[in-house]
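What the coordinates show
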Amino acid sequence: MTSLREPPSEQAILNIYESMRSEMSQIYSNITDLEMQVSEHSLVVNAIQPLDQTRKCFRMIGGVLVERTIKEVLPAVHRNKEGLEEVVKKLYETLEKKKKDMTEFEAKYKIRLRKQEDSKEEGNNKKEGNAQGVLVGAASTSQ
């Protein structure tokens, strides 16, 4: 009788690994977007904080531009910024967990990326003067 749990095939392992890499890439992308939003919120806070609290201010809420005062808008912008910072912090924690899981998965199935293998081989076989790159000539000047 065959065992109930057969080892996964190479293709299944590859699919799982690619899925893990895709998830990490999405998390990186989300972190970048949210950090940009935090930065924008900081710019807004720094711009309106020194102004008169009764001054007219416009705020975009759900795609609608609403007129308010700085006194009403500033606390909301602070709350939103703090909320975004919390989400970024949680995403970093999730990212660290995913990195750890991915490292364990790589170790379990002895996965090495070709880039890692190639760079190790190049490091061993590299000779002085054997560098490849782009040669750029001096810009010609028309007289």
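Being a predicted model, the structure only gives us computed values, none of them experimental. (Residues numbered from 1 in each chain as written. Predicted model: local features only at pLDDT ≥ 70, side-chain atom pairs only at ≥ 80, totals over all residues. Heavy atoms only, no water.)

The next subject is the packing of aromatic side chains. All chains considered together, the criterion is met by two aromatic pairs. Look at Y17 and F105: their rings are 6.4 Å apart centre to centre, the planes differ by 15 degrees, and that puts the pair in the stacked class. Residue Y17 is located in helix α1 (residues 10-48), and its partner F105 is located in helix α2 (residues 70-108); the two are separated by 88 residues in the primary sequence. Look at F105 and Y109: their rings are 4.8 Å apart centre to centre, the planes differ by 55 degrees, and that puts the pair in the tilted class. For F105, a relative accessible area of 13% puts it in the buried group. Owing to a relative accessible area of 27%, Y109 belongs among the partly exposed residues under this scheme. (Phe/Tyr/Trp six-rings, centres within 6.5 Å; stacked < 30°, edge-to-face > 60°. Helix = DSSP H or I, 4+ residues; strand = E, 2+ residues; numbered from the N terminus. Buried < 20%, exposed > 50% of the residue type's maximum accessible area, 1.4 Å probe, protein only.)

Approximately 360 Å³ is the volume attributed to the largest pocket. No other element matches α1, which puts seven residues into the lining of the largest pocket. In this model, the second largest pocket occupies a volume close to 240 Å³. Lining the second largest pocket are Q37, E40, H41, V44, I48, C57, F58, R59, M60, V73, V77 and N80. Ranked by residue count, the leading element in the lining of the second largest pocket is α1, at five residues. (1 Å grid on protein atoms, 1.4 Å probe; cavity = no way out; pocket = protein on both sides within 12 Å on 5 of 7 lines; lining within 4 Å. Points joined across faces, edges and corners; volume = space filled by probe spheres on them.)

As a further point, take the UniProt feature "coiled-coil region" (unreviewed entry) in the chain. With numbering aligned to this structure, UniProt lists the feature "coiled-coil region" (unreviewed entry) at residues 81-108. As annotated, residues 81-108 comprises 100% helix and 0% strand, and the C-alpha atoms at either end are separated by 40 Å. (UniProt positions renumbered as here; feature names shortened; annotations may be inferred.)

What follows is about the pattern of salt bridges. Here the idea is simple: oppositely charged side chains can pair when their charged atoms come close. On inspection of all chains with the given rule, the structure shows four salt bridges. Where E23 meets K98, a salt bridge forms, and the shortest distance between an N and an O atom there is 2.5 Å. Of the two residues, E23 is situated in helix α1 and K98 in helix α2; the sequence distance between them amounts to 75 residues. The residue K99 makes a salt bridge to E96 at a minimum N-O spacing of 3.7 Å. In this pair, K99 and E96 are both assigned in helix α2, three residues apart and thus about one turn of the helix distant. What makes K99 partly exposed here is its relative accessible area of 30%. (Salt bridge = Lys/Arg side-chain N within 4 Å of Asp/Glu carboxyl O.)

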